[in-house]
Amino acid sequence: QVQLVESGGGLVQAGGSLRLSCAASGRTFSSYAMGWFRQAPGKEREFVAAITLSGVSTYYGDSVKGRFTISRDNAKSTVYLQMTSLKPEDTAVYYCAAEPGPKYGSTWYGMGEEYRYWGQGTQVTVSS
């Protein structure tokens, strides 16, 4: 089992940047694929980004490609989400998720139901 704690959320103006962190504790961090998802009020959960166990491969939702970057530091048991060129529509609660790996294929990275462990979320608000 792994416990996930997100941090780094806050209020930022449109065009600004934020870096979210997700610290993991418990089993070996490097044995988990990691993902970021978000949910805005009244909307469904949306895939943001994911990264493989080693960090070699990354995946992004269409709405954040070219603006967000996911990375991980297995020595620190932490996954990051660097967000740039933020827009008001990026306002949401951002959740970190973990799934034990390795796991066959790549389609599942963008599917929230495929992740076993979730953090409590951190609020990101982008003002116009």
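Keep in mind the model is a prediction, meaning the values are calculated, not measured.

Chemist: Tell me what's going on with the overall build of the chain, and back it up with residues and numbers.
Modeler: Along the chain, the regular secondary structure elements total zero helices and eleven strands. Starting at the N terminus and ending at the C terminus, the chain contains elements arranged as β-β-β-β-β-β-β-β-β-β-β. On C-alpha atoms alone, the chain measures out to a radius of gyration of 14 Å, which is about the 14 Å that the 2.2 N^0.38 rule sets for 128 residues. Dimensions of the chain, computed from C-alpha atoms along their principal axes, come out at roughly 40 × 25 × 25 Å.

Chemist: I'd like a rundown of the pairing of strand 8 (residues 78–83), residues and numbers included.
Modeler: Among the six residues in strand 8, five count as buried, and that is most of the element. Looking at chain direction, strand 7 (residues 68–73) and strand 8 are connected through six bridges and run antiparallel. Bridge pairing in strand 8 links Thr 69 to Gln 82. Hairpin remark: strand 7 followed by strand 8, antiparallel, with four residues in the connecting loop; positive phi at Ser 77, about 55°.

Calculation criteria
- Residues numbered from 1 in each chain as written.
- Predicted model: local features only at pLDDT ≥ 70, side-chain atom pairs only at ≥ 80, totals over all residues.
- Heavy atoms only, no water.
- Helix = DSSP H or I, 4+ residues; strand = E, 2+ residues; numbered from the N terminus.
- Rg over C-alpha atoms; globule rule 2.2 N^0.38 Å.
- Buried < 20%, exposed > 50% of the residue type's maximum accessible area, 1.4 Å probe, protein only.
- Pairing = 2+ DSSP bridges.

These figures capture arrangement, not role.
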